[in-house]
Amino acid sequence: MMDAAERSLLADSVRSALDDAADADAALAGVGWPDMLSTEPDDAIAIVFAALGRTCGTASAIDDVVAHALGASHRARSAVLIPTVLVRARASGSAGEIAGVATSRVLVADELLTLCDGTACSMAVGDAEVEPLGGIDPDARLHSVRADRTSLSQVGREGAAADAVALSQRAIAHQISGACRTMLDLAREHALTRVQFGRPVARFQAVRHRLAEALVAVEALDAVLDAARDAPGVLTAQLAKAHAGRTARSVSAHCQQVLAGFGFTTEHPFHRYLKRTMLLDTLFGSSDDLLVGIGHTLLAQRAVPTLIEL
């Protein structure tokens, strides 16, 4: 396991590589992302996905995370079908069909890994219908994927799908955390440079309170992510992902208020991070759906587990 100094140095290297990179996947390959994932998966995922969030980078690293969790990282040219609530709801009327979204890797992949219905399966990409997905964040370059269930064949060990989803939820939560950090940086910079009534708006108490609330929310999310790493599991991953989605809503609202009119324009970079966090919240379960699911599970079990020993 890396020590704090090593993690800091690697985080700086990854973020530097991703800054203004025309091809984020190539940049990650250049800093050794595949090797990091195989040797130090927890540190690699936390560092790389936080950097993707900080830079609003578009990469297919989540495909590598799923393949790693399934023990399929040795399989060449594999893309992942990512379940989303909206796509599942749209496809619910067809019992013989699976649907979801995939990164741009699906355009060059030969194999499609799926995590539908709690089972890890694979199929040939040629057997699926793939279409570009626009929506709120077209820069994410996601694609809609639909396929017949009869084309699937099971892969991975028993329980591998649940582990893959949990690890992916933690990865996406780290990416949301990184994006929240940048939104806070943008709001803080604006508050320091924007002058009203002869002084920077950062000196107004209401602005300071907004920024403080946003900072507390981001720090709390990072604490939850650390706890999910120390006690890995399905429930801790769900809680981390759900908390990330709620944190993004809180941070973006506070920062948009500090940015004032600039926060509602596409001329300021803030909108890119807002849109990206809204999209990321839908992947592998939205914050609202995850919390409802956790509640149903706890009611059915009639017990509340001890997640973290304090």
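Read on for an overview of the structure. Predicted model only: the values in this text are computed from it and were never measured.

**Points about the state of the cysteines**
Summed over all chains, the structure comprises 0 disulfides. Unpaired in terms of disulfides, Cys180 finds its nearest cysteine sulfur in Cys255, a separation of 8.0 Å. Overall, Cys180 belongs to the buried group, its relative accessible area being 0%.

**Observations regarding the packing of helix H9 (residues 234-259) against helix H11 (residues 287-301)**
Taken N-terminus to C-terminus, the directions of H9 and H11 make an angle of 140°; their axes are 8 Å apart at the nearest point. By the criterion of interaxial angle, the relationship of H9 to H11 is oblique. Seen from above, H9 lies across H11 with left-handed handedness. Of H11, the residues touching H9 (which contributes Leu235, Gln238, Leu239, Lys241, Ala242, Gly245, Arg246 and Arg249) are Ser287, Asp288, Leu290, Leu291 and Ile294.

**Re empty space enclosed by the protein**
Following the criterion strictly, the structure yields 1 cavity of 30 Å³ or more and no others. Roughly 230 Å³ of internal volume is contained in the largest cavity. Lining the largest cavity are 21 residues, and of these Ala59, Thr103, Leu142, Gln175 and Leu280 sit closest to its centre. At the level of secondary structure, the elements contributing two or more residues to the lining of the largest cavity comprise helix H4 (41-55), helix H5 (61-69), helix H7 (160-193) and helix H10 (270-280).

**Considering the sheet that holds strand E7 (residues 153-154)**
Taken in spatial order, the 4 strands of this open sheet run E1-E3-E4-E7, and their pairing is mixed. Only two strands of the sheet have a single neighbouring strand rather than two, namely strand E1 (78-81) and E7. Across 4 bridges, the pairing between E1 and strand E3 (residues 111-114) is parallel. Residue pairing for E3: Val80 is matched across the bridge by Leu113.

**Quick notes on the sheet that holds strand E2 (residues 97-102)**
Read across the sheet, 3 strands follow the order E2-E6-E5 without closing on themselves; strand pairing throughout is antiparallel. The open sheet has two edge strands with one neighbour each: E2 and strand E5 (128-132). Each strand axis lies, on average, 20° off the axis of its neighbour in the sheet, ignoring direction. Judged from the 5 bridges that link them, E5 and strand E6 (residues 143-148) form a sheet pairing that is antiparallel. Within E6, the position partnered with Glu129 by the bridge is Arg146.

**Quick word on the packing of H5 against H7**
Interhelical geometry of H5 versus H7 gives an angle of 150° and a closest axis separation of 8 Å. Note on packing geometry: the crossing formed by H5 with H7 is right-handed. Listed contacts from H7 to Ile62, Val65, Val66, His68 and Ala69 of H5 are Ala160, Asp163, Ala164, Leu167, Ser168, Ala171 and Ile172. Residues that form the contact of H5 with H7 fall into these classes: 9 nonpolar, 2 polar and 1 charged.

**Some remarks on the pairing of E3**
Going residue by residue along E3, you find Glu111 and Leu113 tucked away on one face and Leu112 and Thr114 tucked away on the opposite face as well. For E3 and strand E4 (residues 121-124), the ladder comprises 4 bridges, and the chain directions are antiparallel. Opposite Leu113, over in E4, you have Ser122 as the bridge partner.

**Notes on the nonpolar core**
Counting 75 residues, the largest nonpolar core has Val14, Trp33, Phe49 and Leu70 as its most contacted members. If you look at the next biggest cluster of nonpolar residues, it comprises 13 residues, including Ala109, Val125, Ala128 and Ala147.

**Observations concerning unusual backbone geometry**
Of note, the phi angle at Arg141 is positive, near 55°, even though the residue is not glycine. Of note, Arg141 is situated in the loop between E5 and E6. Residue Arg141 is classed as partly exposed on the basis of its relative accessible area of 41%. In this structure, Ala260 takes a positive phi of about 55° despite not being glycine. Looking at the secondary structure, you find Ala260 in the loop between H9 and H10. By relative accessible area, which is 41% here, Ala260 ends up partly exposed.

The rules we used
- Residues numbered from 1 in each chain as written.
- Predicted model: local features only at pLDDT ≥ 70, side-chain atom pairs only at ≥ 80, totals over all residues.
- Heavy atoms only, no water.
- Disulfide = S-S within 2.5 Å.
- Buried < 20%, exposed > 50% of the residue type's maximum accessible area, 1.4 Å probe, protein only.
- Axes fitted to C-alpha atoms, helices over the stretch in contact; angles between N-to-C directions.
- Helix = DSSP H or I, 4+ residues; strand = E, 2+ residues; numbered from the N terminus.
- Parallel < 35°, antiparallel > 145°, perpendicular 65-115°, else oblique.
- Left-handed = near helix turned anticlockwise from the far one by under 90°.
- Contact = heavy atoms within 4.5 Å.
- 1 Å grid on protein atoms, 1.4 Å probe; cavity = no way out; pocket = protein on both sides within 12 Å on 5 of 7 lines; lining within 4 Å.
- Points joined across faces, edges and corners; volume = space filled by probe spheres on them.
- Pairing = 2+ DSSP bridges.
- Nonpolar A, V, L, I, M, F, W, Y, C, P; charged D, E, K, R; others polar.
- Core = buried A, V, L, I, M, F, W, Y, C linked by side-chain atoms within 4.5 Å.

From the geometry alone we can't say anything about function, so treat these as descriptive.
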